[in-house]
Protein chains: 2
Amino acid sequence: MNSENVYDQSIAILKKNKVRITPQRQIILKYLINHHNHPSVETIYEALANDFSNLSMATVYNTLRLLEDLNIIIQLPNKDGGVRFDFFGEPHFHAICENCGKITDIKYPKYSQLDQELRDITSQQDPGFKPTKSKIEVYGLCKDCQAKLNHK
Amino acid sequence: MNSENVYDQSIAILKKNKVRITPQRQIILKYLINHHNHPSVETIYEALANDFSNLSMATVYNTLRLLEDLNIIIQLPNKDGGVRFDFFGEPHFHAICENCGKITDIKYPKYSQLDQELRDITSQQDPGFKPTKSKIEVYGLCKDCQAKLNHK
DNA sequence: ATACATGCAAACTATTTGCAAAAGA
DNA sequence: TCTTTTGCAAATAGTTTGCATGTAT
């Protein structure tokens, strides 16, 4: 699926949920679709504020929460405070370096299958719980940090 | 494994890493082993400050970070700011309600197997990355919140 | 003995909030 | 039109830090 389709599909989700398509929401959504750098709120704000004056942090926060609630993006923990975001088009999980905080996308062909299994088990053990999504993270040390830490 | 063994085993990990066994660390660790309420920093502080005067928030923060770094406890996201913690004796994952933030432990017999698979895939796709742990969360709506939201 | 840990309070920073003005539908 | 959204600035809350004191080993 190309990024145009992905964008249109996301906009459709917004419309279905009766939220207004504002320019701010459009550029933030586009930014997230086109950048796979797992940006923080501030990274997004700084990248867009130049071309789009009068963009406020509050709006970035609002939009990100909205997109996350609609399962268009997911939130990732950030090593030193704050959070980061990732457009969640193709299901994948994340490898996170415990030393530098670097986040890498890990594609997993069997993700949907695993997701279904996790939901089933959850519903079994917590009757009545209605799962909407699952999130997986693998923590460890990235290549660079291993090298750095060995030199000490 | 009973809670005495779990405690001794955790203390052994602390000793192996040459951190001092202070009374503060002991009572915080014991609290986490004996309470499966996924406490916040403040919950832990308030529960212990009564019997242990002069306990400071800073020490609770320090200790929790230490225990997390040593993979004795894991950190969980909290709905409205802050984080929560869980002693990670038997591997399990968590069901988190998106509406009220309630966290439930979900036991998964095949967890170690899945954990191994996730690590392998991560190492394959991010050569050089050295995994230390994985974390899985299933988000959704708990039974109570579904009922509440339907009444609206 | 001495390096490490603690307690306190102040500092910091990410995030939220209230409200008037702006603008989608 | 009229409800939702935005921008701004102030407020809030979670977490960290600096340093003198205390303590585990």
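Residues numbered from 1 in each chain as written. Chains lettered and ligands numbered in written order. Predicted model: local features only at pLDDT ≥ 70, side-chain atom pairs only at ≥ 80, totals over all residues. Heavy atoms only, no water.

Asks: So, the interface of chain A and chain B: which residues are in play, and what are the values?
Replies: On the side of chain B, 36 residues touch chain A, which itself brings 36 residues to the contact. Overall, the association of chain A and chain B removes approximately 3000 Å² of surface from exposure, summing both partners, and the carbon and sulfur fraction of that is 58%. Taken together, the links from chain A to chain B amount to 4 salt bridges. The residue B:Glu117 makes a salt bridge to A:Lys110 at a minimum N-O spacing of 3.0 Å. Between chain A and chain B we count 20 residue pairs in polar contact (both at pLDDT 80 or more) in total. Mapped by element, the contributors of at least two residues to the side of chain A that touches chain B are strand S3 (92-97), strand S4 (103-107), helix H5 (111-125), strand S5 (130-141) and helix H6 (143-150) of chain A. Tallied by class, residues from the side of chain A that touches chain B come to 17 nonpolar, 8 polar and 11 charged. Two strands pair when backbone bridges link them, and S5(A) and strand S5 (residues 130-141) of chain B are joined in this way by 11 bridges, in the antiparallel orientation. (Contact = heavy atoms within 4.5 Å. Buried area = accessible area lost by both parts, 1.4 Å probe. Salt bridge = Lys/Arg side-chain N within 4 Å of Asp/Glu carboxyl O. Polar contact = N/O pair within 3.5 Å; in protein donor to acceptor, adjacent residues only side chain to side chain. Helix = DSSP H or I, 4+ residues; strand = E, 2+ residues; numbered from the N terminus. Nonpolar A, V, L, I, M, F, W, Y, C, P; charged D, E, K, R; others polar. Pairing = 2+ DSSP bridges.)

Asks: Please provide a residue-by-residue account of the protein's contact with DNA strand C, values included.
Replies: Around DNA strand C sit 19 residues, and of these A:Ile21, A:Tyr61, B:Thr22, B:Asn54 and B:Thr59 come closest. What you see for DNA strand C is that sugar and phosphate hold 75% of its atoms within 4 Å of the protein. Residue A:Ile21 places a main-chain N or O atom 2.8 Å away from a phosphate oxygen belonging to DNA strand C. Here B:Ser56 contributes a backbone N or O atom positioned 3.2 Å from a phosphate oxygen of DNA strand C. Looking at the surface near DNA strand C, the elements with two or more residues in it are helix H4 (57-69) of chain A together with helix H2 (23-34) and helix H4 (57-69) of chain B. Considering each element in turn, the surface near DNA strand C owes the most residues, 3 residues, to H4(A). Across the surface near DNA strand C, the residue classes tally to 9 nonpolar, 6 polar and 4 charged. (Near = heavy atom within 4 Å.)

Asks: Provide a residue-level description of the relation of the copies chain A and chain B, including the pertinent values.
Replies: Of the two same-sequence chains, chain A is brought onto chain B (RMSD 0.0 Å, axial shift 0.0 Å) by a rotation of 180 degrees. Such a combination of rotation and displacement between the chain copies is what one expects of a two-fold axis. In terms of proximity to the rotation axis, the leading residue of chain A is A:Ile136, whose C-alpha is 2.3 Å off the axis. Same-surface contact between copies: 100% of interface residues of chain A are shared with the interface of chain B. (Least-squares fit on C-alpha atoms with pLDDT ≥ 70 in both.)

Asks: Pulling in residues and values, what's your account of the domain arrangement of chain A?
Replies: Residue and element names in this part refer to chain A. In terms of domains, chain A is made up of domain 1 (1-89) and domain 2 (91-152). Between the C-alpha centres of domain 1 and domain 2 the distance comes to 21 Å. Each partner contributes residues to the interface: domain 1 has 13 residues there, and domain 2 has 17 residues. Where domain 1 abuts domain 2, roughly 1200 Å² becomes buried across the two surfaces, and 54% of that area is made up of carbon and sulfur atoms. Here domain 1 and domain 2 share 1 salt bridge between them. Between Lys 133 and Glu 68 there is a salt bridge, with the nearest N and O atoms lying 3.9 Å from each other. Linking domain 1 with domain 2 are 6 residue pairs in polar contact (both at pLDDT 80 or more), by the criterion used here. For the side of domain 1 that touches domain 2, the elements supplying multiple residues, two or more each, are strand S1 (73-77) and strand S2 (83-87). Considering each element in turn, the side of domain 1 that touches domain 2 owes the most residues, 4 residues, to S1. Taken together, the residues of the side of domain 1 that touches domain 2 break down into 5 nonpolar, 4 polar and 4 charged. (Domains from an automatic or database assignment.)

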